[in-house]
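Geometric and topological summary
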Amino acid sequence: GTGAGPVATPAPPAVAPKEPEAGPVLPPVSYEPQGRRDPFIAVSIAREGAGITVSTVRLVGVVQGRQQLLALVEAPDGIGYILKLGDTFGDGRVTAITANSVTFAVAPRGGQKATTLTLRLPTD
């Protein structure tokens, strides 16, 4: 038998893919903490040169975490921090958290003795 040879198919015309129309330019999205600290930054950074002293912060709430109570404190600049037992914050370290208070062991400064400071939730 006389079989026909392979048929050459014409190559499709080379057309550049169409560029999609550029949409409107969206403003860049930035993380708006709105008083919450960036959850990916360790709290102990708060004491690096921020000049925070535990005597200037106020306790704004206590919440039950997965394993323990967490203290919500607010610095004078309005930034909130979530502290757990043993966290270092400003010039103090969290030594106790109850349902309505947080206690810090405050490092001695300039000849003062080490002290403790307890912040309590405001009760109305």
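Keep in mind it's a predicted model, so treat the numbers as computed, not measured. (Residues numbered from 1 in each chain as written. Predicted model: local features only at pLDDT ≥ 70, side-chain atom pairs only at ≥ 80, totals over all residues. Heavy atoms only, no water.)

**Describing the nonpolar core**
This is how the line gets drawn: As used in this record, nonpolar core signifies buried Ala, Val, Leu, Ile, Met, Phe, Trp, Tyr and Cys residues forming a set joined through side-chain atoms within 4.5 Å. Exposure classes here rest on a 1.4 Å probe applied to the protein chains alone. A residue is buried below 20% of its type maximum, exposed above 50%, and partly exposed in between. Per the convention used, a helix needs a DSSP run of H or I reaching at least four residues, while a strand needs a run of E reaching at least two, with both numbered from the N terminus. Here, residues are in contact when the closest pair of their heavy atoms is within 4.5 Å.
Within the largest apolar cluster, 17 residues are counted, with the highest numbers of intra-cluster contacts made by Val73, Phe89, Val102 and Phe104. Mapped by element, the contributors of at least two residues to this core are β1 (58–64), β2 (69–74), β3 (80–83), β5 (92–98) and β6 (101–106). For Phe104, the residues in contact, after removing those within four places along its chain, are Val54, Leu83, Phe89, Gly92, Arg93, Val94, Thr95, Thr115, Thr116, Leu117 and Leu119.

**Some details on the environment of Asn100**
The topology assignment puts Asn100 in the loop between β5 and β6. Judged by its relative accessible area of 41%, Asn100 is partly exposed. Sequence-wise, Asn100 and Arg120 are 20 residues apart; in three dimensions their C-alpha atoms are separated by 5.8 Å. Ignoring sequence-local partners within four residues, the contact set of Asn100 consists of Leu59, Val62, Leu119, Arg120 and Leu121.

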